[in-house]
Structure formats: structure tokens, C-alpha cells
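The lines below spell out each chain.
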Amino acid sequence: MDKPHQRIGATSNAHVGRDFELAAQKFFASEGLALELNITISVGIGEIKKDHAFDLGCLKEKVLRKMRISP
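Per chain, the residues get numbers from 1 upward, laid out in the order the sequence is written. Local features in this predicted model are restricted to residues whose pLDDT is 70 or higher, and side-chain atom pairs enter the listing and the counts only when it is 80 or higher, whereas totals over whole chains, interfaces and linings include all residues. Values shown for side chains rest on all heavy atoms present in the structure; no hydrogens or waters enter the calculation.

Elements are defined by DSSP. Helices are runs of H or I of four residues or more, strands are runs of E of two residues or more, and each kind is numbered from the N terminus. Across its full length, the protein chain carries 1 helix and 3 strands. Each residue is placed in one exposure class: buried if its accessible area under a 1.4 Å probe, protein chains only, is under 20% of its type's maximum, exposed if it is over 50%, and partly exposed if it falls in between. Evaluated residue by residue, the protein chain yields a buried proportion of 17% over its 71 residues. For this analysis, residues touch if any pair of their heavy atoms sits within 4.5 Å. Put simply, 23% of the contacts in the protein chain that link residues at least 6 apart link residues at least 24 apart.

Structure follows, in C-alpha cells:
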């Protein structure tokens, strides 16, 4: 099956994304910022809120990051 958006040599784009998340987590740790994977917080306005998952974050330092990797 032809996968035109699949990265060459990668098992899947999910693996590419996960590898990038781990590399970013390691980089920020080297800078003194410990980030956790898959942080979920409630986001919204007033009483209207829903849970949203972020790739990396730290609730103590109030840092969130949603990463996107372009093909």
C-alpha cells in the first residue's frame, strides 16, 4: 500500500511524533523544566469546559505544549 504522507524509514507517523515528544521532553529536562507526557486539563470559558490533552506539560510550572508535526 502506497503511503505518500508516511515518513521514509519510519514505522508510522505516530512513532515519529512519539520520538519527537521524547526528544523535546529530554531537551526541556536539560534546561531544568521537567515536563510530563499526555497532560490533560479542563479548558473553557466560565462553566463551559471540557478536558483537553496536551503532548507535554507541567501543572506546577503552568506550561503546556500541543505539538504538531507536518508531513
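Another aspect to go through is helix α1 (residues 13-30). A helix is expected to span 1.5 Å multiplied by its residue count minus one. Across its 18 residues, α1 extends 26 Å between first and last C-alpha, which sits within 8% of the 26 Å expected from 1.5 Å per residue. Turning to α1, its buried residues number three or more, namely V16, G17, E21 and A24. Angularly, the buried residues of α1 cover 135° about the axis, an arc narrow enough to put them on a single face. Opposite its buried face, α1 presents the exposed residues D19, K26 and S30, each directed more than 90 degrees away. Where α1 is buried, its residues meet β1 (36-45) and β2 (48-58). Once α1 ends, the next one or two residues include G32, with phi positive near 90°. Directions drawn from the helix axis to the C-beta atoms are what define this arc.

Turning our attention to the packing of aromatic side chains. Two aromatic rings from Phe, Tyr or Trp, using only the six-membered ring of Trp, form a pair when their centres are within 6.5 Å; if the ring planes differ by under 30 degrees the pair is stacked, by over 60 it is edge-to-face, and anything between is tilted. For the structure on display, the rule yields 1 aromatic pair. Summarising the aromatic geometry, the rings of F27 and F28 are spaced 5.3 Å apart at their centres and angled 70° between planes, so their arrangement reads as edge-to-face. Judged by relative accessible area, which is 45%, F27 ranks as partly exposed.

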